[in-house]
Amino acid sequence: YNPKSGWAVLSIHADGESVTAVGSVINPREGDEYEFRGSFVTDPKWGRQFKFSQAEVFLPCTRKGVIRYLASIAYGVGEVRAARIVGVLGDDCLARLQADPSLLDGLTFLTEQQREEIKIHLREHRTVAEVSGLICREGLTPNLAAKIVARFGEDAVRIVKEEPYRLTEIEGIGFLTADRIAMAVGIKPDAPARIQAAIRHVLSEAENEGHCYLRPNDLVREVPALLGTDVGVSKIAEAVKALIEAEVLVRDGDDIYLKELHEAECEVAEWVRATAMERSAPIPNLEGLIDAYQTNAGITYHPKQRDAIRMALTSGFSVITGGPGTGKTQITKAIVHIYTTEHRNKPVYLCSPTGRAAKRLSEATGAPASTIHRLLGYNPELGFMVNEEEPLKPGLLIADEASMMDIRLARSLLAACSQGMQVVLIGDVDQLPSVGPGSVLRDIIESSTVPVTRLEYVYRQEEGSGISALAHQVNQGELPSNLGKVWSSELKDGKKADVFVVQIDNPDEALPMAMTYAKQAYGEFGLLGFGVLAPGHRGSAGVKALNNGVRSTINPHASKSFSPGDRVMVIKNNYKHDVFNGDLGIVRSVNDEDGSIEVDFGDQWVTFGTGEDEAPLDILQLAFASTIHKSQGGEYPVCIVVLTRQHWIMLARNMLYTAVTRAKKRLVIIHQAGCIPAAVRNNKIAHRNSRLAERLRGGATQ
């Protein structure tokens with residue numbers, strides 16, 4: 001039995017037969033009596049089993065069962081004392097004790113602790129049973145009932161009946177689940193609590209789409225659609241007012257924010273405006289130091305690159321943006337070298353939003369780098385341990401891949417920077433924006449209130465890189481005259497082409513072609529040496545199909561959710577086990593008994609499972625293919641990009657540009673006619689509701 005997941009493998013006895021039963025159940029105990037509902041299945045390895053979807057526990061009713069039950073729920077009671085309890089209170093003593101726990105007080109042969117343990121257990125049993133009865137009829141799992149009881153204790157039944165939307169405080173329970181429960185327990189369709197919960201959900205969904213706020217008209221449109229009933233504008237307005245009074249929402253002019261997002265936006269603007277005005281202590285002979293570094297490194301900096309180095313070392317806050325091949329890495333190395341030479345007693349912090357990007361930053365600079373979360377000592381229960389009250393020591397902070405940083409993370413990072421910290425944001429503003437809310441890097445640049453260096457000269461293109469040339473063309477909105485031509489065919493010195501474009505007639509042709517190219521790349525560069533990317537998950541040319549197809553050709557013997565030889569990705573940071581969102585690894589072994597797996601991340605092996613000492617299995621997913629958005633922060637020797645009309649609505653210039661710039665040695669684009677031109681032409685940046693740029697310019701209240 002796994003107490004976290006609720007999954008159990010039980011040996012049950014029914015009608016004189018011993019049967020193996022599997023399913024979710026709450027704290028099973030030997031001797032407990034259940035009613036299971038499900039069906040018999042034949043497992044290929046374990047044979048005939050009863051797979052149950054519902055399990056209702058009953059208090060034992062036979063004298064023998066009651067004695068065994070009482071002996072097991074309190075330490076030191078044993079069957080002798082349990083028999084005495086039954087002898088005094090009768091065979092129906094469990095039901096009597098649930099109704100009147102004080103009956104135990106007269107049993108002096110039990111210690112006070114034993115009496116209290118029996119009372120607590122019976123209360124918990126009653127609470128779990130009541131909660132299960134309330135929610136399981138809605139098709140929800142017994143494990144969910146256990147989570148509710150664990151979170152709210154003896155108050156769980158009242159919460160479910162009277163305040164069901166508070167259930168969203170529990171991880172894994174969203175508005176839709178809470179709403180099903182609310183409707184089941186009799187909450188009215190137009191109840192204020194339901195409308196308020198819907199407003200919060202709509203704003204949270206907008207946050208997932210990148211927005212920091214919504215307008216009243218958005219709520220008037222979205223809330224009734226979510227609730228399935230027209231609750232009226234006045235009731236929505238009343239609900240918004242109540243949430244503002246409860247300090248859940250903030251109304252800023254005509255914009256409605258979740259309070260935390262409003263505070264984050266205001267605080268980032270205030271911090272950047274204040275720091276951008278500061279100048280660091282001058283570095284004597286800075287130009288000479290830049291000259292010396294480039295001589296030692298055997299390179300020559302472009303004037304724009306020198307500007308970026310100079311600005312970073314002399315400003316309190318600055319931004320460097322540019323595409324691949326524009327020299328951002330060489331600039332970063334010079335900044336770090338000169339700063340550490342001139343400020344030997346001050347720290348340098350290198351960080352990035354994802355583990356993959358942090359690893360690349362460390363490899364490129366030769367200096368330690370970490371995720372922003374690790375730098376700030378993130379604790380899942382306590383939040384960021386490095387913060388405004390316990391900040392980083394003043395020095396130089398460089399945040400790479402800053403286009404991936406949302407407004408919440410930017411707030412946490414900047415709040416942790418003490419006075420005197422020099423901050424440099426480095427990133428490619430033309431890539432896709434952050435997954436989370438806001439467009440921090442773009443807004444800061446567009447505000448024109450901070451020093452910004454935009455790098456445009458592509459050095460890799462000069463070296464003959466077709467990938468960089470194509471990235472530059474796409475970013476400039478230029479469409480090559482012949483899409484079937486290999487763009488790098490004019491490379492000097494007979495170098496091998498690095499960009500290949502293959503046109504297909506229908507989306508179904510994409511998968512076998514991607515499988516062929518992936519298998520070839522696997523043979524050359526190994527399991528982590530290629531990336532198969534698509535705009536979306538669905539369809540025969542979507543990530544789900546590509547994942548399964550590429551897996552079948554690379555790891556043909558895989559037969560389970562995870563098998564040895566699978567390529568996997570971490571999708572959520574886990575600091576206890578030192579794995580981070582975006583980390584790629586290879587499954588090395590699978591434990592058939594408990595389902596745990598061992599994953600090789602190159603520098604460490606980590607066990608994932610459901611045990612307390614294991615990283616949670618649900619933060620891992622197959623990664624033979626991924627969305628273009630998910631690929632941000634990473635690079636691959638070979639990148640295979642699939643563009644079909646199945647994802648026509650998602651085709652955009654920054655999406656294609658992001659995909660192209662993931663490739664280091666070879667780029668393969670498998671496309672349907674019209675998809676590449678459509679992506680290049682669509683330079684309409686998806687609008688995100690954010691007022692950060694306006695606040696930076698001083699045009700909004702803080």
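All residue numbers here refer to positions counted from 1 along the written sequence of the relevant chain. Owing to the predicted nature of the model, reporting of local features is limited to residues with pLDDT of at least 70; listing and counting of side-chain atom pairs is limited to 80 or more, with chain, interface and lining totals taken over all residues. In computing side-chain properties, one takes all heavy atoms of the structure into account and sets aside hydrogens as well as water.

Here we take up the overall build of the protein. Secondary structure assignment for the protein yields 25 helices and 26 strands. Reported as C-alpha extents along the three principal axes, the dimensions of the protein are approximately 95 × 55 × 55 Å. By the burial criterion, 52% of the 702 residues in the protein qualify as buried. In short, Shrake-Rupley with a 1.4 Å probe defines the accessible areas, and a residue's cover is counted only from the protein chains shown. Counting only carbon and sulfur atoms, one obtains 49% of the accessible surface of the protein, whose full area is about 33,000 Å². Helix numbering and strand numbering both begin at the N terminus, where a helix is a DSSP run of H or I of at least 4 residues and a strand a DSSP run of E of at least 2. Note on exposure labels: buried denotes an accessible area under 20% of the residue type's maximum, exposed denotes more than 50%, and partly exposed covers the range between, all computed with a 1.4 Å probe on protein chains only.

A cavity here means a set of points on a 1 Å grid, drawn over the protein atoms and nothing else, where a 1.4 Å probe fits but cannot get out; a pocket is an open set with protein on both sides within 12 Å along at least five of seven lines, and a residue lines either one if it has an atom within 4 Å of a point. Grid points are joined across faces, edges and corners, and a volume is the space filled by probe spheres set on the points. This structure, assessed with the given rule, holds 4 cavities of 30 Å³ or more. Here the largest cavity defines a volume of roughly 40 Å³. As for the largest cavity, its lining consists of Leu-97, Gln-98, Pro-101, Leu-104, Lys-119, Leu-122, Arg-123 and Arg-126. The set of elements that each furnish at least two residues to the lining of the largest cavity consists of α3 (93–99) and α4 (112–135). Per-element accounting of the lining of the largest cavity gives the leading share, 4 residues, to α4.

Covalent bonding between the sulfur atoms of two cysteines is what defines a disulfide. Two cysteine sulfurs form what is called a disulfide whenever their separation falls within 2.5 Å. Applying the stated criterion across every chain, the model contains 0 disulfides. For the unlinked cysteine Cys-266, the closest cysteine sulfur is that of Cys-212, found at 10 Å.

With that settled, the discussion passes to the pairing of strand β20 (residues 597–600). Taken together, the 4 bridges between strand β19 (residues 584–590) and β20 define a ladder with antiparallel strand orientation. The partner of Ser-589 across the bridge, within β20, is Glu-598. What sits between the antiparallel neighbours β19 and β20 is a turn of 6 residues, in which Gly-595 has the positive phi angle 80°. Here, any two strands with at least 2 DSSP bridges between them count as paired. Sheet topology note: the β20/strand β21 (residues 605–609) ladder contains 4 bridges and is antiparallel. Bridged to Glu-598 within β21 is Thr-607. Hairpin connection of β20 to β21: 4 residues between the antiparallel strands, including Gly-602 at a positive phi of 90°.

Centre distance within 6.5 Å is the pairing criterion for rings of Phe, Tyr and Trp, where only the six-membered ring of Trp is used; planes under 30 degrees apart are then read as stacked, over 60 as edge-to-face, and the remainder as tilted. On inspection of all chains with the given rule, the structure shows 6 aromatic pairs. Here Trp-271 and Phe-317 contribute two aromatic rings whose centre-to-centre distance is 6.1 Å and whose plane-to-plane angle is 70°, an arrangement assigned as edge-to-face. Here the residue Trp-271 occupies a position in helix α11 (residues 259–276), and Phe-317 occupies one in strand β8 (residues 317–322), the gap between them amounting to 46 residues. Per residue, the accessibility class of Trp-271 equals that of Phe-317, and both read buried. Whether a charge lies above a ring is judged from NZ of Lys or CZ of Arg, which has to be within 6 Å of the ring centre and within 35 degrees of the ring normal. Positioned above the aromatic ring of Phe-530, the side-chain terminus of Arg-567 is 4.8 Å from the ring centre.

This paragraph deals with the packing of helix α12 (residues 286–297) against helix α13 (residues 303–314). Packing of α12 against α13 brings their axes to within 11 Å, and their N-to-C directions diverge by 125°. Between α12 and α13, the angle is such that the two are oblique. Judged by the twist between their axes, the crossing of α12 over α13 is right-handed. Each of Leu-286, Glu-287, Ile-290, Asp-291 and Gln-294 in α12 lies in contact with α13, whose residues at this interface are Arg-306, Ile-309, Arg-310, Leu-313 and Thr-314. Gly is put with the polar residues, along with every residue not named as nonpolar or charged; the nonpolar set is Ala, Val, Leu, Ile, Met, Phe, Trp, Tyr, Cys and Pro, and the charged set is Asp, Glu, Lys and Arg. Among the residues forming the contact of α12 with α13, the class breakdown is 4 nonpolar, 2 polar and 4 charged. Comment: axis = line fitted to C-alpha atoms, over the contacting stretch for helices; angle = value between 0 and 180 degrees taken between N-to-C directions. These descriptions rest on fixed angle ranges, namely under 35 degrees for roughly parallel, over 145 for roughly antiparallel, 65 to 115 for roughly perpendicular, and the rest for oblique. Crossing chirality is assigned from the near helix's rotation relative to the far helix, an anticlockwise turn below a right angle marking it left-handed and a clockwise turn marking it right-handed. The contact definition used throughout considers only heavy atoms, calling two residues in contact when any of these lie within 4.5 Å.

Here 5 strands make up an open sheet; going across it, the order is β16-β26-β25-β17-β24 and the pairing parallel. Of all strands in the sheet, those with a lone pairing partner are β16 (499–504) and β24 (626–627), marking the two edges. Pairing geometry for strand β17 (residues 530–534) and strand β25 (residues 636–643), over 4 bridges, is parallel. Along β25, the bridge assignment pairs Val-532 with Ile-640. Against the sheet, helix α21 (residues 510–525) contacts β16, β17, β25 and β26 (663–672), and its axis sits at roughly 170° relative to β26. In the packing of helix α22 (residues 543–554) onto the sheet, contacts are made with β17, β24 and β25, and the angle to β17 comes to roughly 150°.

Another aspect to go through is the sheet that holds strand β14 (residues 422–427). With respect to topology, 6 strands assemble into an open sheet ordered β10-β9-β13-β14-β8-β15, the strand pairing being parallel. Each of the sheet's edge strands pairs with one partner strand only, and the pair in question is β10 (370–371) and β15 (452–455). Note that β8 and β14 share 5 bridges and pair parallel. Across the sheet, residue Ser-318 finds its bridge partner in β14, namely Val-424.

It helps to recall that an α-helix has 3.6 residues per turn; residues three or four apart then point in one direction. Multiply 1.5 Å by the residue count of a helix minus one, and that product is the helix's expected span. Counted at 1.5 Å a residue, the expected span for helix α14 (residues 328–342) with its 15 residues is 21 Å, and the 21 Å between its end C-alpha atoms agrees. Here α14 has its buried residues at Lys-328, Ile-331, Thr-332, Ala-334, Ile-335, Val-336, Ile-338 and Tyr-339.

Turning next to the packing of helix α9 (residues 216–227) against helix α10 (residues 233–245). To describe two helices that pack against each other, one gives the angle between their axes and the distance between the axes. Interhelical geometry of α9 versus α10 gives an angle of 105° and a closest axis separation of 10 Å. Here α9 is positioned roughly perpendicular relative to α10, judged by the angle of their axes. Residue-level contacts link Leu-219, Val-220, Val-223 and Pro-224 of α9 to Val-233, Ile-236 and Val-240 of α10. The class makeup of the residues in the contact of α9 with α10 is 7 nonpolar, no polar and no charged.

A few words now on the pairing of β19. Taken together, the 3 bridges between strand β18 (residues 567–570) and β19 define a ladder with antiparallel strand orientation. Within β19, the position partnered with Arg-567 by the bridge is Ile-586.

On to the pattern of salt bridges, then. Charged atoms that come close allow side chains of opposite charge to pair. Here a salt bridge means any side-chain nitrogen of Lys or Arg lying within 4 Å of a carboxyl oxygen belonging to Asp or Glu. Applying the stated criterion across every chain, the model contains 37 salt bridges. Residues Glu-169 and Arg-151 are paired through a salt bridge, measuring 2.6 Å at the closest nitrogen-oxygen approach. Residue Glu-169 is found in the loop between α6 (156–162) and α7 (175–184), and its partner Arg-151 is found in helix α5 (residues 142–152); the two are separated by 18 residues along the sequence. When its relative accessible area of 42% is taken as the criterion, Arg-151 is described as partly exposed. The salt bridge partner of Arg-360 is Glu-401, with a shortest N-O separation of 3.3 Å. Pair noted here: Arg-360 is in helix α15 (residues 355–365) and Glu-401 is in the loop between β13 (396–399) and α17 (407–415), with a separation of 41 residues, a long-range link. Here the salt bridges share partners, and the residues they tie into one network are Arg-151, Asp-155, Arg-158, Glu-162, Glu-163, Arg-166 and Glu-169.

Next up on the list: α13. In this model, α13 (12 residues) spans 16 Å end to end at C-alpha, consistent with the 16 Å of a helix rising 1.5 Å per residue. For α13, every residue scored as buried is listed here: Gln-305, Arg-306, Ala-308, Ile-309, Met-311, Ala-312, Leu-313 and Thr-314.

What follows covers the side chain of Thr-658. Looking at the element boundaries, Thr-658 is found in helix α23 (residues 653–660). Any N or O atom pair separated by 3.5 Å or less is treated as a polar contact, with the protein-specific requirement of one donor-capable and one acceptor-capable atom, and with residues adjacent in sequence counted only for side-chain atom pairs. Reaching out from Thr-658, the side chain makes a polar contact with the backbone oxygen of Asn-654 at a distance of 2.7 Å. Those residues in contact with Thr-658, other than ones at most four positions away along the chain, are Gln-431, Leu-432, Ile-628 and Gln-632.

Here we take up the confidence of the model for the protein. Regions with low pLDDT carry predicted coordinates that are not meant to be interpreted in detail. pLDDT: the predictor's confidence for each residue, scored from 0 to 100. On average, residues of the protein score 87 in pLDDT, and 93% of them reach the 70 mark or higher. Note on residues 484–494: pLDDT under 50 across the span, and 19 contacts to partners over four residues away in sequence or across chains.

Below, the discussion takes up the environment of Leu-97. Mapping Leu-97 onto the fold places it in helix α3. Residue classification places Leu-97 among the buried positions, given a relative accessible area of 2%. In this structure, the C-alpha to C-alpha distance between Leu-97 and Ser-468, residues 371 residues apart in sequence, is 76 Å. When neighbours within four sequence positions are excluded, Leu-97 is seen to be in contact with Leu-89, Leu-103, Leu-104 and Leu-122.

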